[in-house]
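Structural overview for review
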Amino acid sequence: MAVAAFKGLFNSKFHGNKMMERKSSGRRRVFVQTETGSVLGIELDRSDNAHTVKRKLQIALNVPIEERSLIFGDVVLKNDLSTVRNDSPLLLTKNFMHRSSSTPCLSPTGKDVQQRDQSGPIEILVCSDHFSRIRKLVREIVEAMKFGIDPIPVCGGLGGAYYFRDCQGENCAIVKPTDEEPYAPNNPKGFIGKALGQPGLKHSVRVGETGFREVAAYLLDYDHFANVPSTALVKVTHSIFNVNGEVNGTKQQERKEFSKIASLQQFIPHDFDASDYGTSSFPVAAVHKIGILDIRILNTDRHAGNLLVRKIDGGGGLDQVELVPIDHGLCLPENLEDPYFEWIHWPQASIPFSEDELEYISHLDPFRDSELLRMELPMIREACLRVLVVCTIFLKEAAISGLCLAEIGEMMSREFRGQQEEPSELEFICIEARRLLEERNMLSDNVRAVENEFQFEIDCEEESDITCNLEKILAPQACWPLGGNIRNPLSKVEENVEECTEEDGNIIPPRSDEYAFTAQEKAPTVPRLSMSMKNVSIGDKSWKHENVMQKNGYLSGTSSGNRSVNEQLAGSTRFVKLADMSEEEWVQYLENFQHLVYLAFSNRKSGSVGQRQRQRLGTSCQF
């Protein structure tokens, strides 16, 4: 689309979320979760503010509220609670996190608690028409629980998960509590040590927020295109859940019930997962559709173990199977991360998109997607939505240019030389878009400075002298590096596993400098980035080191389903950040990005045509 139309579309859809902020602050019900996982349903009155809500939590759950804040996504709640919608989950967390062992999750006590939280065993949060299938599923589970059919724990995986069953005793849903994720306070498998809201397995995915992403993947799978199972965010109360530090009795009647916020996903009966059999016989369309979803949401953990395979009509061969993608908790990171697309090496990914798939891609609207997530999952951070927008635009332009799924995935994936990461081709374009934005801001600042300097010293007769002065002052602009007071966009972020746990432990909310870059130099790469993208083909990898071990090769190709928790920890390199831009800068950044992507793919297309012509010419000369 043209830049002007692009900007207008962005403005009209980006500011649509302001409607939510104008909602009245009438009586609503919210679910507040403490940093250790306890959950309480609270009725909000017009007179309620953050202090009164924290006071109710203190009385009901016997938890400390001093030096703690009530947050809703990116927002620290104070006096005004009008932005909080009905059935929204809030988080009570410390202002400063200190390294310590996990504290017990205290259960509600007394009659006062029973009067305050009268929710049922399972309650869907942020309800809408998108969750009609889940509502029916919840009714079946609650009915089964009345007959004594309780859930059972899932043995595999790094986090806590539970199969909930129907009246026939069959698994019908899988529930993953947010406070039992890897590193979360109540993880049942020993992977603890962090509070909710701190960086998790991926530094750009916080502990306790993978469940939101599971629901987001389902909501973005329009028309059940990629076959993501029905998923919703729920509050569940049961004695089966794990609470570290709580002494439960060995007899079932002695166990206490705990309420938790969790993702609830429809259980899909299947014959095996994609890691159990060869993948070459899987339907091309199924692989394409899952790959399209993974690219849109920047899935950082797509491996064969989280692709379920169902035989259709009980057939014996693999020519009639259905693929079901699950486990989307590590998608939509807060910054551009290195994705993991195992399907890159599958033969289906090298086959061009079909007409139906191209039509589906052409109708994707990243701003409509963002608005949907703001309305249905208002706790999703704005930085995650920006990643969604960038990746969707890249996918749409790549599809228009005729690229196949494998080519797009490779351009989004980083390469390694030893233990050093190189930015992906997508990241290079993002870096150049940011450089142009900062160059534009610097130019504007200098123009304003020059105007202020000369505004009282010039008149119309000195116009020629003014021009000379302006040229003299602005001439170095074209070759200014992104140093000094402007951070180098290629610099790596200083991060480690203890991020947000000690000196800079304030985890709420993400500030504009939350992921500030250091002043480390990347001298060999910066000049390459500073040149015009007009002469650079996105398909040209000449800037990369030779003999590089690809991300999906032996170095890191083991699917995360078979790796230890330490092996799954992401590296600390961040080449691109999107959260620190204002709304105005974000619009300008997207204009730059859209233009650079168009130029890059145009050059790639013309380069491919020239290469084919040279090949034909060379062939004809041989005869």
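Predicted model only: the values in this text are computed from it and were never measured. (Residues numbered from 1 in each chain as written. Predicted model: local features only at pLDDT ≥ 70, side-chain atom pairs only at ≥ 80, totals over all residues. Heavy atoms only, no water.)

Looking only at helices and strands, one finds 15 helices and 17 strands in the protein. Of all 623 residues assigned to the protein, the portion counted as buried reaches 54%. For the protein, restricting intrachain contacts to residue pairs at least 6 apart in sequence, the fraction spanning at least 24 positions comes to 74%. (Helix = DSSP H or I, 4+ residues; strand = E, 2+ residues; numbered from the N terminus. Buried < 20%, exposed > 50% of the residue type's maximum accessible area, 1.4 Å probe, protein only. Contact = heavy atoms within 4.5 Å.)

With that settled, the discussion passes to the packing of helix α8 (residues 355-362) against helix α10 (residues 382-400). At a closest axis distance of 9 Å, the pairing of α8 and α10 adopts a crossing angle of 140°. Between α8 and α10, the angle falls in the class oblique. When the axes of α8 and α10 are compared, the crossing they make is left-handed. Side by side, α8 and α10 meet where Leu358, Ile361 and Ser362 of the first sit next to Leu395, Lys396 and Ala399 of the second. (Axes fitted to C-alpha atoms, helices over the stretch in contact; angles between N-to-C directions. Parallel < 35°, antiparallel > 145°, perpendicular 65-115°, else oblique. Left-handed = near helix turned anticlockwise from the far one by under 90°.)

This next bit is on the pairing of strand β11 (residues 258-266). As a general feature of sheets, a regular strand has side chains that alternate between the two faces. Burial of β11 is extensive: nine of the nine residues sit out of reach of the surface. When strand β9 (residues 171-177) meets β11, the two strands line up antiparallel, connected through five bridges. Within the sheet, the bridge partner assigned to Ala173 lies in β11 and is Gln266. Pairing of strand β10 (residues 231-238) with β11, which is carried by eight bridges, proceeds in the antiparallel orientation. Within the sheet, the bridge partner assigned to Ala232 lies in β11 and is Leu264. (Pairing = 2+ DSSP bridges.)

This part covers unusual backbone geometry. Phi is positive for Tyr183, close to 75°, though the residue is something other than glycine. Here Tyr183 lies in the loop between β9 and α6 (210-220). Classification of Tyr183 by relative accessible area gives buried; the value is 11%. Of note, Asn227 is a non-glycine position whose phi angle comes to about 75°, a positive value. Turning to its location among the elements, Asn227 is positioned in the loop between α6 and β10. Look at Asn227 and you get buried, because its relative accessible area is 14%.

What follows covers the side chain of Arg574. With respect to the element layout, Arg574 can be found in the loop between β17 (549-550) and α15 (583-621). Accessibility expressed as a relative area gives 1% for Arg574, which makes it buried. For Arg574, the side chain forms a polar contact with the main-chain oxygen of His203, separated by 3.3 Å. (Polar contact = N/O pair within 3.5 Å; in protein donor to acceptor, adjacent residues only side chain to side chain.)

Spatially, the three strands line up as an open sheet ordered β12-β13-β14, and their pairing is antiparallel. A single partner strand is all that each edge strand has here, and the edge strands are β12 (272-273) and β14 (321-325). In terms of strand pairing, strand β13 (residues 307-311) meets β14 through five bridges, oriented antiparallel. Within the sheet, the bridge partner assigned to Arg310 lies in β14 and is Glu322.

By the definition in use, this model includes zero disulfides. Cysteine Cys331 remains unbridged, with the sulfur of Cys384 as its closest cysteine sulfur at 8.7 Å. (Disulfide = S-S within 2.5 Å.)

Let's shift gears to the pairing of strand β2 (residues 39-44). In terms of residue burial, β2 counts as a mostly covered element, since five of its six residues are buried. As paired elements, strand β1 (residues 28-34) and β2 share six bridges and run antiparallel to each other. When the sheet's bridge partners are listed, Gln33 is paired in β2 with Val39. Counted between consecutive antiparallel strands, the loop separating β1 from β2 contains four residues, among which Gly37 sits at a positive phi close to 110°.

Here helix α9 (residues 366-376) lies mainly inside the structure; nine of its eleven residues are buried. Of all the positions in α9, only Pro366, Phe367, Asp369, Ser370, Glu371, Leu372, Leu373, Arg374 and Glu376 are classed as buried. Put simply, Asp365 is the residue that caps the front of α9, since its side-chain oxygen is 3.0 Å from the backbone nitrogen of Phe367.

Moving on: the packing of aromatic side chains. Applying the stated criterion to the full structure yields eight aromatic pairs. Ring geometry for Phe394 and Phe601: centres 5.5 Å apart, planes at 50°, overall tilted. One end of the pair, Phe394, is in helix α10; the other, Phe601, is in helix α15, and 207 residues separate them in sequence. Residues Phe394 and Phe601 agree in their burial class; the two are buried. Positioned above the aromatic ring of Tyr222 is the side chain of Arg368, whose terminal nitrogen or guanidinium carbon lies 4.6 Å from the ring centre. (Phe/Tyr/Trp six-rings, centres within 6.5 Å; stacked < 30°, edge-to-face > 60°. Lys NZ or Arg CZ within 6 Å of the ring centre and 35° of its normal.)

The final tally for this structure, using the stated rule, is 21 salt bridges. Linking Arg213 and Glu209 is a salt bridge whose minimum nitrogen-to-oxygen distance equals 3.9 Å. One exposure class covers both Arg213 and Glu209, and it is buried. Linking Arg381 and Glu334 is a salt bridge whose minimum nitrogen-to-oxygen distance equals 3.6 Å. Of this pair, Arg381 sits in the loop between α9 and α10 while Glu334 sits in the loop between β14 and α8; the two residues are 47 residues apart in sequence, bridging distant segments of the chain. Comparing Arg381 with Glu334, the two get one shared label, buried. Three or more residues are tied together by salt bridges with common partners; here these are Arg206, Glu209, Arg213, Glu334 and Arg381. (Salt bridge = Lys/Arg side-chain N within 4 Å of Asp/Glu carboxyl O.)

On to the sheet that holds strand β7 (residues 152-153), then. Pairing is antiparallel across the open sheet formed by six strands, whose spatial order is β6-β10-β11-β9-β8-β7. Each edge of the open sheet carries a strand with a single partner, namely β6 (122-124) and β7. Contacts from α6 reach β9, β10 and β11 within the one sheet, and its direction differs from that of β10 by about 140°.

Next up on the list: the confidence of the model for the protein. Detailed reading of the predicted coordinates is not advisable wherever pLDDT is low. Per-residue confidence for the protein gives a mean pLDDT of 74, with 66% of residues at or over 70. Throughout residues 1-5 the model reports pLDDT below 50, and contacts reaching past four residues in sequence, or to other chains, amount to four contacts. A low-confidence stretch, residues 96-116 stays under pLDDT 50, and its non-local contacts, those more than four residues away or across chains, total 44 contacts. (pLDDT = per-residue confidence, 0-100.)

Next up on the list: the packing of helix α7 (residues 284-296) against helix α11 (residues 405-412). A pair of packed helices is captured by two measures, namely the crossing angle of their axes and the spacing between those axes. Running from N to C, α7 and α11 point in directions that differ by 25°, and their axes come no closer than 11 Å. In terms of their interaxial angle, α7 and α11 are classed as roughly parallel. Crossing of α7 over α11 shows left-handed handedness. Each of Val287, His288, Gly291, Ile292 and Ile295 in α7 lies in contact with α11, whose residues at this interface are Leu405, Ile408 and Met412. Its residues assigned to classes, the contact of α7 with α11 shows six nonpolar, two polar and no charged. (Nonpolar A, V, L, I, M, F, W, Y, C, P; charged D, E, K, R; others polar.)

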